[in-house]
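Breakdown of the fold
Here is how the chains run, residue by residue.
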Amino acid sequence: MRSNVKAGWGLKGAALAGMLFLHIPLLIILLYAFSIEEKSFVFPIPGFTTKWFAVAFEREDVRRALGLSIKVAAIATAMALVLGTLAAAAVWRSRFFGREAISLLLILPIALPGIITGIALRSAIGIAEIPFSTWTLVLGHATFCIVVVYNNVLARFRRTNRALIEASMDLGANGFQTLRYVVLPNIATALLAGGMLAFALSFDEVIVTTFTAGQQSTLPIWMLSELIRPRQRPVTNVVAVFVIAVTFVPIVLAFYLTRDTHDVAGSVK
Amino acid sequence: MTSAAAALPLDRSPLQRLSSALYLRPALLTFLLLTPPLLWLGVIYLGSLFTLLAHSFFALDEFSGVMVREFSLATWKEFFGNPANWDVVIRSALMAIAVTLAAALIAFPIAYYMVRYAGLRMKAVLYLGVMLPLWSSYLVRVYAWKLILAKEGIVSWFANTLHLGWLLDLVLDIPEIGGPSLSTSYLGTFIVFTYIWLPFMILPVVAALERVPGSVIEASGDLGAKPGQTFRKVILPLAFPGVVAGSIFTFSLTLGDYIIPSIIGKSVPFLGETVYRLQGTAGNVPMAAAFTVVPIVIMGIYLTLAKRLGAFDAL
Amino acid sequence: MAGAEATPAVSFIEVSRRFGDVRAVDNVSFDIADGEFFSMLGPSGSGKTTCLRLIAGFEQPSSGHIKVHGVNVEGVPPYERDVNTVFQDYALFPHMSVGENVEYGLMIRKVPKAERRSRAADMLKLVKLDGMYARKPSQLSGGQRQRVALARALINRPRVLLLDEPLGALDLKLRESMQNELKAIQRQVGITFIYVTHDQGEALSMSDRLAVFNHGRIEQIGTPSEVYDHPASQFVAGFVGQTNLVDGYLGQRLGGFPGLYAIRPERIRILPPDGEVPMGMATIDGRVDSITYLGATSRVEVEVEEGRLTVIEQNLEGGTAAAGRDTGANVRLIIERRHIQPVTESQ
C-alpha cells in the first residue's frame with residue numbers, strides 16, 4: 001500500500017523518535033563496553049579502553065556459559081524444526097476438526113507470560129524428580145521455539161501450490177521422493193529462517209531458563225548474576241555486544257531469505 | 001515416438017509400500033504428523049501447566065510450612081481474602097494496559113511510515129532496526145535503562161546541563177507515578193516496559209498495514225474522503241487487528257515479567273515478581289499457582305476477544 | 001483409432017464420488033477408446049475435474065470401478081498409474097529449471113543421465129521450446145509454461161494423458177493456436193488425451209468424442225456433430241452452442257407433437273412474408289424485432305405467435321434473404337423438420 005505522497009513532518013518526527021527510543025539503549029550498551037570504570041556505570045563515561053574484549057574471552061565462566069547456550073539453542077532449534085514442521089504440514093494438508101485449537105496450543109507458550117511456563121515446567125520437573133541438566137533447559141526452550149518454526153513454515157506452505165505435490169506423484173514419485181525432491185526444496189529457506197529465529201530466541205531467553213537451569217548457567221543467566229553482583233561491569237557489555245552481533249547475522253539472513261513474504265513479521269517471540 | 005508405454009518399474013520396496021499405505025489413508029498421515037508436536041505440547045507443556053494449576057488446590061500446613069498434597073480450598077480462600085493480593089493484580093493489570101496503549105501509540109507512526117512511505121531500502125533498514133533490539137540481550141537493555149534513568153544517570157545529567165532540572169523534578173513530583181528518581185518510580189517501570197515490548201507491537205501492526213491494499217486508500221480518496229477521514233475510516237479499522245495481535249504480547253509479557261520491576265521501579269510487587277517470590281524464597285507453591293491463574297484467565301479472555309477481532313491472522 | 005473390440009483406455013463403471021453430502025460424480029459409466037481425443041465438457045462443479053482426478057488417482061471412487069487399459073486401479077496411488085496429467089495452473093516445480101522439470105519423471109525412474117538429457121531435448125523440440133533447457137519456469141510466458149507442462153507429462157510416454165483446462169489461463173489468440181498444436185501433437189504421439197474444459201468451442205473443435213457433464217452426471221456422450229446437431233437434453237442444447245428452446249403451443253406447432261424442442265438459430269431460414277414453403281418444412285410467420293450485426297453473421301430476433309425465435313444468418317453479399325428486412329418487417333420462417341430436435345428437460 002505504498003503511497004506516492006511524501007510523509008508529513010509530524011509522522012516522520014514520530015517515527016524517528018520511536019526508532020531513537022528503540023536504539024539509544026543499544027548505543028549505551030556499546031559505549032560502555034569500552035568504559036575504563038569497572039565497578040559502576042558513570043555518566044558521562046570517564047574514559048575508553050578496548051581491554052575488556054580480551055578480558056571477556058579469557059574468562060572461563062563466560063566461555064562455559066557461551067558453550068552451554070549454544071548447545072541448548074542448537075538442540076532446542078533442531079527439535080523445534082522437526083515438531084514445528086510436522087504441525088505446519090498437518091495443518092496445511094488437511095482441514096481436520098480442531099485446526100484452530102492446534103494453532104492456539106502452539107501459540108500458548110509464547111502468549112502466556114513466560115513465568116507461567118517456567119514455573120509450570122519447574123514444578124513438573126520437581127514432581128517427576130528429573131535432575132536439572134542440558135535436557136531440562138532444552139525442554140523449556142523447544143516448547144516456545146516450536147511456534148516460531150511453525151509460523152514460518154506454515155506461511156511458506158500456504159503460498160506453495162498444492163498441485164506441486166500432485167504433479168510430483170503424477171510423474172511417478174512416491175510420498176518420500178516427493179518430500180525429498182519437491183517439498184523440502186520448497187520450504188528450505190523457511191526452515192532456515194525459522195530455525196535461525198528459534199536459535200536467536202533460545203539464545204537470549206532468561207525467564208523460563210531461570211526455572212529449568214538449576215545450577216547451570218547459560219549466557220543470559222550469567223549476565224543476570226553479573227548485573228546483580230558485578231565483578232567487571234564492562235565485560236557484561238562486551239558479552240552483550242557479542243550476543244547482539246551473533247544474533248544479528250541470523251536475523252538479517254532470515255529477513256533476506258523470506259523478504260518477499262514478510263514471514264519474519266509473523267514470527268515474533 | 002510411439003505410445004509404447006515405458007513400464008513403470010514395479011517398485012515394491014518397503015518405502016514405496018509405506019508411502020502407498022499412507023497415501024490411501026490421508027487421515028492416518030495427518031494423525032501421524034500431528035502426534036509428535038501434540039504429544040510434546042500436550043503432555044510436556046499442558047501437562048506441566050495443569051500440574052501447576054492443580055497445586056493451587058493444595059495448601060501449606062500452617063505450622064510446618066510444608067505443602068500438604070490434599071484437596072483444599074484454603075489457598076484460594078487466602079488468595080481472595082487478602083486485599084494485598086488484589087492490589088498486586090490491579091497494579092499489574094493497570095501497568096499492562098498503560099504499557100499496551102503507549103506501545104500502540106509509539107508503534108503506529110513507525111509502522112505506518114514503514115509501510116506507506118519508506119522506499120524498499122529504507123524499509124529493510126527500519127525492519128531490521130525493529131528486529132535488532134528484539135533479539136538483543138533483554139537483560140543488558142534493562143540495565144542500560146537503569147543507567148539512563150538513575151538519580152545520577154543520563155537523563156538527569158542532560159536535565160542539569162540544559163538547566164531543565166526543574167522540569168524533571170516537576171515530573172517526579174507527580175503523586176503516584178513519580179518518586180525520588182525515574183529509576184525508582186512507576187514512571188520508570190512504565191518507560192522500560194514500553195521500551196522492551198515495543199517491537200512486539202510494531203511487527204504485527206506492520207503485518208496488518210501491509211494487507212491494506214493501496215487501491216482501498218485510493219478508492220477512499222476518489223470517493224471524496226479527506227486524508228484524515230481515510231485514515232480514520234479506512235486505515236485504522238483495517239490496522240486494528242494488528243494492534244490487537246501486538247497487544248496480546250505487550251499485555252501478556254508485562255503481566256508475566258518479574259525482572260524489570262525488580263530492577264527499575266518502586267519496590268512494590270507486581271504479579272510476575274510475586275509469583276517468583278512465592279515459588280522461590282517463600283516456598284509457597286500453592287499460592288504461586290493461584291496467582292498464575294490470574295494471567296491465564298486474563299489472557300484467556302483476551303485471546304478469545306482477539307480471535308473474534310481477527311487478530312490471529314496478523315500474528 | 002482402436003477398434004470397438006479393443007480394450008478401452010479408460011472405463012468408468014457406475015462410479016460415484018461423494019464429498020460429505022455432495023455427489024461430485026454421481027453413478028457415471030463410460031468408455032474411452034485407446035488413442036482417442038476425448039473431452040469432458042461442463043460448467044464448473046459439474047464433476048468433470050473430479051472424474052479426471054479419479055483417473056489420475058488423486059481421488060478414490062466412493063463406489064464403482066475404474067479401469068485403465070483393462071486393469072482395475074482402485075487403491076493404486078498416482079505414482080503407480082501409467083497416466084500423466086497437465087495441470088490447470090501447470091504446477092511446474094519452481095526450484096527446478098525447465099529441463100529438470102521435464103526430466104523429473106525419468107529421474108524418479110532412475111533413467112541414466114545421458115538418456116534423460118537427450119529425451120528431454122527431444123521433448124522440448126516437440127513442444128517448440130528448443131534451447132530453453134536451463135531457464136527457470138518463472139522466466140517463461142504462460143504459453144511456454146504450458147508447453148513445459150506438456151513435455152514433462154509426455155516424456156514418460158504414458159498411455160493416457162489427462163489435461164485439466166490446460167488453456168484456461170491463456171489469452172484468446174494463444175489459446176486458438178495452442179488448440180491446433182495440441183491436436184497435432186496428439187496425432188503425432190498417438191496417446192489417449194482426456195481433456196477437461198468448460199469451453200464448448202474448444203471441446204467441439206478438438207475432440208473425437210466428448211461427454212457433457214452436469215450436476216455430477218453425464219448428459220450426453222458423442223462426436224461433436226452428434227452432440228451439436230442432436231442434443232439429448234435441454235442442458236446440452238443450451239450449454240453447447242446457442243439454441244432456441246420451444247415448448248407449449250410453439251413446440252407443438254413446429255415439432256408436430258407436444259413437447260420440448262431445440263432448434264439451432266442457424267438452421268432457421270428467413271423468407272419474405274409471402275415466400276413459398278418447400279415440401280416437408282415447418283413454417284411460422286412473424287415480425288422482425290431486432291437485427292444485430294455480428295460481422296460474418298447477423299442475429300435476427302423474430303417475434304412469432306406465442307414466443308420469439310433467434311435466427312443466425314450468414315452475411316452473404318447480395319444474399320437473397322436480405323431483401324426487404326428491417327425491424328418491424330413481416331417475415332416467414334422455415335425450418336427443416338430434422339433440425340427440430342426433441343430434448344428432455346434438465347434440472
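Residues numbered from 1 in each chain as written. Chains lettered and ligands numbered in written order. Predicted model: local features only at pLDDT ≥ 70, side-chain atom pairs only at ≥ 80, totals over all residues. Heavy atoms only, no water.

Remarks on the overall build of chain B
Looking only at helices and strands, one finds 14 helices and two strands in chain B. In terms of overall size, chain B is more extended than a compact globule, its C-alpha atoms giving a radius of gyration of 27 Å where 315 residues would be expected to give roughly 20 Å. The burial tally for chain B puts 52% of its 315 residues in the buried class. Taking contacts inside chain B between residues at least 6 apart in sequence as the whole, the part at least 24 apart equals 69%. When the accessible surface of chain B is summed, it comes to about 14400 Å², and 69% of that surface belongs to carbon and sulfur atoms. Placing the 20 positive and 16 negative side-chain charges of chain B at their respective mean positions leaves the two points 12 Å apart. (Helix = DSSP H or I, 4+ residues; strand = E, 2+ residues; numbered from the N terminus. Rg over C-alpha atoms; globule rule 2.2 N^0.38 Å. Buried < 20%, exposed > 50% of the residue type's maximum accessible area, 1.4 Å probe, protein only. Contact = heavy atoms within 4.5 Å. Areas by Shrake-Rupley, 256 points an atom, 1.4 Å probe, with all protein chains shown as cover. Lys, Arg positive; Asp, Glu negative; His and termini not counted. Charge placed at Lys NZ, Arg CZ, Asp CG, Glu CD.)

Details of the pattern of salt bridges
One pass over the full model with this rule turns up 21 salt bridges over all chains. Among the ionic pairs, Glu336(C) bridges to Arg338(C), the shortest N-O distance being 3.0 Å. Take Arg338(C): its relative accessible area is 57%, and that puts it in the exposed class. Here the residues in one salt-bridge network are Glu166(A), Arg17(C), Arg53(C) and Glu59(C), joined through shared partners. (Salt bridge = Lys/Arg side-chain N within 4 Å of Asp/Glu carboxyl O.)

Quick notes on the confidence of the model for chain C
Across chain C, the average pLDDT comes to 90, with 96% of residues at 70 or higher. If you check the scores for this complex, the pTM reads 0.82 and the ipTM reads 0.85. (pLDDT = per-residue confidence, 0-100.)

A short note on the interface of chain A and chain B
Many descriptions give the size of an interface as the accessible area lost when the pieces come together. Each partner contributes to the interface: chain A provides 92 residues, whereas chain B provides 97 residues. Linking chain A to chain B there are zero salt bridges. Applying the counting rule to chain A against chain B returns nine residue pairs in polar contact (both at pLDDT 80 or more). Counted by class, the side of chain A that touches chain B contains 69 nonpolar, 14 polar and nine charged residues. (Polar contact = N/O pair within 3.5 Å; in protein donor to acceptor, adjacent residues only side chain to side chain. Nonpolar A, V, L, I, M, F, W, Y, C, P; charged D, E, K, R; others polar.)

Section: the environment of Gly255(C)
Residues and elements named next belong to chain C. Tracing the sequence through the fold places Gly255 in helix H9 (residues 248–255). For Gly255, a relative accessible area of 24% puts it in the partly exposed group. Once the C-alpha coordinates of Gly255 and Ala282 are considered, the two residues, 27 residues apart in sequence, prove to be 7.9 Å apart. Aside from chain neighbours lying at most four places away, what touches Gly255 is Tyr261 and Ile340.

What about the side chain of Glu226(A)?
Residue and element names in this part refer to chain A. Structurally, the position occupied by Glu226 is in helix H10 (residues 219–228). Here Glu226 falls in the buried class, since its relative accessible area comes to 6%. Leave out the neighbours within four places in its chain, and Glu226 touches Arg59, Asp61, Arg231, Gln232 and Thr236.

Some thoughts on the domain arrangement of chain C
Residue and element names in this part refer to chain C. Split into domains, chain C comes out as domain 1 (10–239) and domain 2 (244–342). Taken together, the contacts link seven residues of domain 1 with eight residues of domain 2. Note on domain 1 versus domain 2: buried area summed over both sides is about 710 Å², and carbon and sulfur give 45% of it. At the surface where domain 1 touches domain 2, the tally comes to one salt bridge. (Domains from an automatic or database assignment. Buried area = accessible area lost by both parts, 1.4 Å probe.)

Topic: helix H6 (residues 134–158) of chain A
A rise of 1.5 Å per residue sets the reference length of H6(A), with its 25 residues, at 36 Å; its end C-alpha atoms lie 35 Å apart and thus fit the reference within 8%. Backbone nitrogen of Trp135(A) and a side-chain oxygen of the N-cap are separated by 3.0 Å at the start of H6(A); the cap is Ser133(A). (Expected span 1.5 Å × (residues − 1).)

Some details on the nonpolar core
Among the nonpolar cores identified, the biggest contains 175 residues, and Tyr138(B), Leu209(B) and Phe291(B) are the most heavily contacted of them. With residues up to four places along the chain from it excluded, the contact list for Tyr138(B) reads Asp204(A), Val206(A), Ile207(A), Ile196(B), Trp197(B), Asp257(B), Ile259(B) and Ile260(B). Of all hydrophobic cores here, the second largest spans 39 residues; its members include Val25(C), Ile32(C), Ile55(C) and Val83(C). (Core = buried A, V, L, I, M, F, W, Y, C linked by side-chain atoms within 4.5 Å.)

Things to note about the interface of chain C and chain A
Listed per partner, the contact involves 25 residues of chain C and 19 residues of chain A. Together, Tyr79(C), Tyr104(C) and Ile108(C) form the three largest contributors to the area buried by chain C at its contact with chain A, with a combined 32%. The interface formed by chain C and chain A holds one salt bridge in total. The closest approach of N and O atoms between Glu166(A) and Arg53(C), which form a salt bridge, is 2.7 Å. Counting only elements with at least two residues in the side of chain C that touches chain A, the list comes to helix H1 (48–56), strand E6 (83–86), helix H2 (98–108) and helix H4 (142–154) of chain C.

A look at the confidence of the model for chain B
Overall, the prediction assigns chain B a mean pLDDT of 82, with 94% of residues at 70 or greater. For the stretch residues 1–8 of chain B, pLDDT sits under 50, and the model shows 20 contacts to residues farther than four places along the chain or on other chains.

Side note on empty space enclosed by the protein
All names here are of chain C. All chains considered together, the criterion is met by five cavities of 30 Å³ or more. Together, Tyr228, Asp229, Pro231, Ala262, Ile263, Arg264, Arg267, His339 and Gln341 line the second largest cavity. Secondary structure elements with two or more residues in the lining of the second largest cavity: helix H7 (224–229) and strand E12 (261–263). Broken down by class, the residue content of the lining of the second largest cavity amounts to four nonpolar, two polar and three charged. (1 Å grid on protein atoms, 1.4 Å probe; cavity = no way out; pocket = protein on both sides within 12 Å on 5 of 7 lines; lining within 4 Å. Points joined across faces, edges and corners; volume = space filled by probe spheres on them.)

So, the packing of helix H2 (residues 51–58) of chain A against helix H11 (residues 233–257) of chain A
Geometrically, a packed helix pair is captured by the angle between its two axes and the distance between the axes. Residues and elements named next belong to chain A. The geometry of H2 relative to H11 is characterised by a closest axis approach of 9 Å and an angle of 80° between their N-to-C directions. Our classification of the angle between H2 and H11 gives roughly perpendicular. Side by side, H2 and H11 meet where Trp52, Phe53, Val55, Ala56 and Phe57 of the first sit next to Pro234, Val235, Val238 and Phe242 of the second. (Axes fitted to C-alpha atoms, helices over the stretch in contact; angles between N-to-C directions. Parallel < 35°, antiparallel > 145°, perpendicular 65-115°, else oblique.)

Concerning a nonpolar patch on the surface
Residues and elements named next belong to chain B. A contiguous nonpolar surface patch, about 710 Å² in accessible area, is contributed by Trp157, Phe158, Leu162, Leu164, Trp166, Leu167 and Leu170. When residues of the nonpolar patch are traced back to their parent elements, those giving at least two are helix H7 (154–161) and helix H8 (165–172). The element best represented in the nonpolar patch is H8, accounting for three residues. With respect to the secondary-structure elements, Leu170 resides in helix H8. (Patch = residues over 30% accessible without salt bridge, like charges linked within 9 Å, V, L, I, M, F, W, Y side chains within 5 Å.)

Side note on the layout of surface pockets
In this structure, the largest pocket encloses a volume near 1400 Å³. In terms of lining residues, the largest pocket is bounded by 37 residues, among which Arg93(A), Ile165(A), Met169(A), Leu29(B) and Leu33(B) are the most central. When residues of the lining of the largest pocket are assigned to their parent elements, the largest contribution, seven residues, is made by helix H8 (residues 175–204) of chain A. Of the residues assigned to the lining of the largest pocket, the class counts are 22 nonpolar, six polar and nine charged.

Here's the deal with unusual backbone geometry
Residues and elements named next belong to chain C. Backbone geometry at Lys128 places phi at a positive 60°, although glycine is not the residue there. Turning to its location among the elements, Lys128 is positioned in the loop between helix H3 (113–126) and H4. The phi torsion at Glu306 lies on the positive side, around 60°, for a residue other than glycine. Relative to the assigned elements, Glu306 resides in the loop between strand E15 (297–304) and strand E16 (307–314).

Regarding the pairing of strand E14 (residues 281–293) of chain C
Residue and element names in this part refer to chain C. Note that E14 and strand E17 (residues 330–336) share seven bridges and pair antiparallel. Paired with Met281 across the bridge in E17 is Glu336. Inspection of the sheet shows E14 paired to E15 by seven bridges, in the antiparallel sense. Residue Thr292 lies in a different strand from E15, and its bridge partner there is Arg299. Where E14 hands over to E15, the hairpin turn is made up of three residues, of which Gly295 adopts a positive phi near 95°. (Pairing = 2+ DSSP bridges.)

What about the sheet that holds strand E3 (residues 37–41) of chain C?
Residues and elements named next belong to chain C. Across the sheet, six strands lie side by side as E6-E7-E8-E3-E9-E10; this open sheet has mixed pairing. Every interior strand has two partners, whereas the edge strands, E6 and strand E10 (217–222), have only one. The sheet shows a mean angle of 20° between the axes of neighbouring strands, taken without regard to direction. Looking at chain direction, strand E9 (residues 209–214) and E10 are connected through five bridges and run antiparallel.

Description of H8(A)
Residues and elements named next belong to chain A. Given a rise of 1.5 Å per residue, 30 residues ought to cover 44 Å, yet the end C-alpha atoms of H8 are separated by just 38 Å, more than 12% below that figure. For H8, the principal kink sits at Leu184 and spans about 50°; a proline, Pro185, occurs within the next four residues. Measuring from the backbone nitrogen of Phe176 back to the side-chain oxygen at the start of H8 gives 3.0 Å, which picks out Asn174 as the cap. (Bend = angle between axes of the 7 residues up to and from the residue.)

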